[in-house]
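Structural characterization, general
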Amino acid sequence: MVIQNISGTLAETLRHRRQKLSQLIDFPVIIWSGSSSPRNFSANSYPFRASSHFLYFAGLPLHNAAIRLEAGKLELFMDDPQPSSALWHGETPKREEIAEKIGADIARTMSELKYRGSGAASIPVQNYQTTLVQSKILQRQISASSDLEGLDMELAKAIVTLRLTHDAEALAELRKAAAVSVAAHKVGMATTPKAKLEAEVRAAMEGVIIAHNMTTSYNSIVTVHGEVLHNEKYDHLLQPGDLLLADVGAETEMGWAADITRTWPVSGKFSTTQRDIYDVVLAAHDACIANIRPGVEYRDIHLLAATVITEGLVDLGIFQGNPENLVEIDAHALFFPHGIGHLLGLDVHDMEDLGDLAGYEAGRKRSDRFGLSYLRLNRPLRTGMLVTIEPGFYQVPAILNNTDNRKKYQDVVNWEYLSHFNDVRGIRIEDDVLVTAEGREVLTAALPNDVDTIESLVHK
Ligand code: GLY
Ligand code: MN
Ligand code: MN
């Protein structure tokens, strides 16, 4: 546990966040940290990750703990370790000590929580065992899949209001995650010429993250099959003509995330067709970032990416027609089927445990359009928001060979000519962009993304 790292400023920040929450709601709140899930017996567990809402207000990744907030007062509930635990885990901080570090007014045992649940709001933890405890203490059914209602919904909305924009302490953590992720990608590029398998590049990249005492903020994607959007297999051989897509991000000890994708040639040299498509994706990436500033609709940034990609593909002869008209009929989604990005913070898709509550402005709903249904953020941008910008180009067989798509887009794609680009299965370029009063700051800008520099980094 990282108790020694809690600085005075962090304790002050935590207090400030809790104060702001108490200004938005006037009912008691209990937030659980969650517990680890056993693999085969309780002492052999899957890696523990505390609930992000708990981390936001309590700061420490405590196991089996809860905080109760009412009228600005904070109670910490957790059990001290059994005496026998010292044999296996060494001496660990006591409840009272932790309470002092996080600025709690009082420390209680977990069993005392059963008298404090009535009338409290909460957020379901993504862990079945904990939701059972939550239901018992709150004396009502609560489950990770339930739609929030009543006070729970009011609490969720208040938390979204706070977590949508980042304070200085959060930004310091997010910058650390970004810097380590940048270093991991550079090592991934430099490792590639010596590697035979995707797994070796993944190991080198995650090695940098682990060496900084961080973890990955999501399961790494390191693949020569970038068209499989969330590919989590690493067993392909690297062949000289392949592009390698690496979507790898670090998470700090306090839980703050980065999310970066780069795509580079295994041989260190893009083919002409790979370079042509890469430059189309990069043009979309650069145009989107240049347009980020407070007040801009993120949906318009998505549509800008769609338009720039479509224009580029018209210029290359893959599409035929007017780019705006092509975007209107969602032709771009044949090759760019996902959204331009999402919120980033304590989670890589920040607050998606709350469905679209964080991502979508009140009153807005997901579109069912082919080209918009995976848009995860649909709000006007505000200073202090952190978003990803991640355009891509993919040749997904399930999309391109779909008979309905073939029929609908028969005349707008030069299907025969498309086969010239068979060595481009998947390209994505992803950066983390902070919305500032002046416009934007790319937190991951230290990682180059232009073709020439990428080639030189792979060859280094
Ligand atoms: N790493 C997952 C994503 O980019 O959304
Ligand atoms: Mn992302
Ligand atoms: Mn990503």
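I will try to describe carefully the structure that is included in this document. Each chain carries its own residue numbering, running from 1 in the direction its sequence is written. Starting at A for chains and at 1 for ligands, labels are handed out in the order in which the entities are written. Restriction of local features to residues with pLDDT of at least 70 applies here, the model being predicted, together with a cutoff of 80 or more for giving and counting side-chain atom pairs; totals for whole chains, interfaces and linings are based on all residues. The basis for every side-chain value is the complete set of heavy atoms in the structure, and neither hydrogens nor water enter the calculation.

**Considerations on the packing of helix α7 (residues 168–191) against helix α8 (residues 198–211)**
As a reminder, the rule being used: Angles here are taken between N-to-C directions and fall from 0 to 180 degrees, while the axes themselves are lines fitted to C-alpha atoms, restricted in helices to the stretch in contact. Going along the chain from the N terminus, every DSSP run of H or I of four or more residues is numbered as a helix, and every run of E of two or more is numbered as a strand. Oblique is the label for every angle not falling under 35 degrees (roughly parallel), over 145 degrees (roughly antiparallel), or within 65 to 115 degrees (roughly perpendicular). When the near helix sits turned anticlockwise from the far one by under a right angle, the crossing is termed left-handed; a clockwise turn instead gives a right-handed crossing. Throughout, a contact is declared for two residues whenever any of their heavy atoms are within 4.5 Å. Lys, Arg, Asp and Glu make up the charged group, whereas Ala, Val, Leu, Ile, Met, Phe, Trp, Tyr, Cys and Pro make up the nonpolar group; the residues left over, Gly among them, are polar.
α8 packs onto α7 with a crossing angle of 150 degrees between their chain directions and a minimal axis gap of 8 Å. The orientation of α7 with respect to α8, classified from their angle, is roughly antiparallel. By crossing handedness, the relation of α7 to α8 is classed as right-handed. The residues of α8 that touch α7, namely those facing Val180, Ala183, Ala184, His185, Val187, Gly188 and Thr191, are Glu200, Val201, Ala204, Met205, Val208 and Ile209. Among the residues making up the contact of α7 with α8, the classes are represented as 9 nonpolar, 3 polar and 1 charged.

**Some remarks on the coordination of the manganese ion (ligand 3)**
As a reminder of what qualifies: Only N, O and S atoms count as donors, using a 2.8 Å cut-off from the metal and 3.2 Å for Na, K and Ca, and because water is excluded some sites may appear unfinished. Here the metal geometry follows the donor angles, with tetrahedral for four donors whose angles all fall between 85 and 135 degrees, square planar for four and octahedral for six when opposite donors are more than 155 degrees apart and every other angle is between 65 and 115, and irregular for all the rest. Working definition: with a 1.4 Å probe on protein chains only, accessible area under 20% of the residue-type maximum means buried, over 50% means exposed, and in between means partly exposed.
Around the manganese ion (ligand 3), the protein supplies Asp247 (OD), Asp247 (OD), Asp259 (OD) and Glu430 (OE) as donor atoms, at distances of 2.1 to 2.3 Å. Relative to the metal, the 6 donor atoms surrounding the manganese ion (ligand 3) lie at angles of 57 to 171 degrees, and the coordination shape comes out irregular. Mapping the donors of the manganese ion (ligand 3) onto the primary sequence yields the spacing D-x11-D-x170-E. Overall, the relative accessible area of 6% leaves Asp247 in the buried class. Asp259 sits in the buried class, given a relative accessible area of 3%.

**Points about the pattern of salt bridges**
Operational definition: Each reported salt bridge corresponds to a side-chain nitrogen of Lys or Arg within 4 Å of a carboxyl oxygen of Asp or Glu.
According to the stated counting rule, one finds 29 salt bridges in the structure shown. Arg116 is the salt-bridge partner of Glu75, the closest N and O atoms lying 2.9 Å from each other. Within this pair, whereas Glu75 is found in strand β5 (residues 73–77), its partner Arg116 is found in the loop between β6 (106–108) and α5 (128–138), the two being separated by 41 residues in sequence. Exposure remark for Glu75: the relative accessible area of 3% places this residue in the buried category. Glu455 is the partner of Arg275 in a salt bridge, and the nearest nitrogen-oxygen pair spans 3.6 Å. Of this pair, Arg275 sits in helix α9 (residues 272–290) while Glu455 sits in helix α15 (residues 451–459), placing them 180 residues apart in sequence. On the basis of relative accessibility, which here comes to 27%, the residue Arg275 falls in the partly exposed class. For Glu455, a relative accessible area of 8% puts it in the buried group.

**Things to note about a negative patch on the surface**
Going by this rule: Excluding any residue in a salt bridge, patches collect residues exceeding 30% relative accessible area, merging like charges within 9 Å and nonpolar Val, Leu, Ile, Met, Phe, Trp and Tyr side chains within 5 Å. Areas reported here follow the Shrake-Rupley algorithm with a probe of radius 1.4 Å; residue values treat only the protein chains shown as occluding. Counting rule for charge: Lys and Arg are taken as positive, Asp and Glu as negative, and neither His nor the chain ends is counted. Where a charge lies is defined by one atom per residue type: Lys uses NZ, Arg uses CZ, Asp uses CG and Glu uses CD.
A contiguous patch of negative charge on the surface is contributed by Glu311, Asp315, Glu324 and Glu328. Elements supplying a minimum of two residues to the negative patch: α10 (298–316) and α11 (323–328). Residue placement: Glu328 occurs in helix α11.

**Things to note about α10**
What counts, and what does not: In this scheme, a helix's expected span is set at 1.5 Å multiplied by one less than its residue total.
With 19 residues, α10 should cover 27 Å at 1.5 Å per step; its first-to-last C-alpha distance of 27 Å lies within 8% of that length. Of the residues flanking the end of α10, it is Gly317, one or two places downstream, whose phi is positive at about 90 degrees.

**Let's talk about the coordination of the manganese ion (ligand 2)**
The manganese ion (ligand 2) binds to the protein through Asp259 (OD), His342 (NE2), Glu390 (OE) and Glu430 (OE), with metal-donor distances spanning 2.0 to 2.2 Å. Bound by 6 donor atoms, the manganese ion (ligand 2) shows angles of 48 to 153 degrees at the metal and therefore irregular coordination geometry. Each donor residue of the manganese ion (ligand 2) belongs to the same chain, with the gaps between them written as D-x82-H-x47-E-x39-E.

**What to know about the site of ligand 1**
To keep things clear, this is the line we draw: If a single non-hydrogen atom of a residue is within 4 Å of a molecule or strand, that residue counts as near it. In the analysis that follows, any N or O atom pair within 3.5 Å is treated as a polar contact, provided that within protein one partner can donate a hydrogen and the other can accept it, and provided that, for residues neighboring in sequence, both atoms belong to side chains.
The environment of ligand 1 is formed by Tyr218, Asp247, Asp259, His342, His349, Glu390 and Glu430. Between ligand 1 and Asp247, the relevant distance is 3.1 Å, taken from a nitrogen atom to a side-chain nitrogen or oxygen of the residue. Taking Glu430, its side chain carries an N or O atom lying 3.2 Å from an oxygen atom of ligand 1. For ligand 1, whose free accessible area comes to 200 Å², the fraction covered by protein is 91%.

**Quick word on the environment of Thr92**
The residue Thr92 is located in the loop between α3 (85–89) and α4 (95–102) in this model. Placed 340 residues apart in sequence, Thr92 and Asp432 show a C-alpha to C-alpha distance of 36 Å.

**Considering the side chain of Thr310**
Inspection of the secondary structure puts Thr310 in helix α10. A polar side-chain atom of Thr310 sits 2.6 Å from the main-chain carbonyl oxygen of Ala306. Beyond its immediate sequence surroundings of up to four residues, Thr310 is in contact with Phe319, Pro323, Leu326, Val327 and His332.

**Observations regarding the packing of aromatic side chains**
The condition that has to hold: The rule is short: rings of Phe, Tyr and Trp, with Trp giving its six-membered ring, pair when the centres are within 6.5 Å, and they are stacked under 30 degrees, edge-to-face over 60, tilted in between.
One pass over the full model with this rule turns up 6 aromatic pairs. Seen in terms of ring centroids, Tyr56 and Phe57 are 5.0 Å apart; in terms of plane orientation they differ by 90 degrees. Their pairing is edge-to-face. Taking the relative accessible area as the measure of exposure, Phe57 reaches 0% and is therefore buried. When the centroid spacing of 5.0 Å and the interplanar angle of 5 degrees are considered together, the rings of Phe335 and Phe393 count as stacked. With a gap of 58 residues between them, Phe335 in the loop between α11 and β12 (386–389) and Phe393 in strand β13 (residues 392–394) connect regions that are remote in the sequence. With relative accessibility at 0%, the residue Phe335 sits in the buried group.

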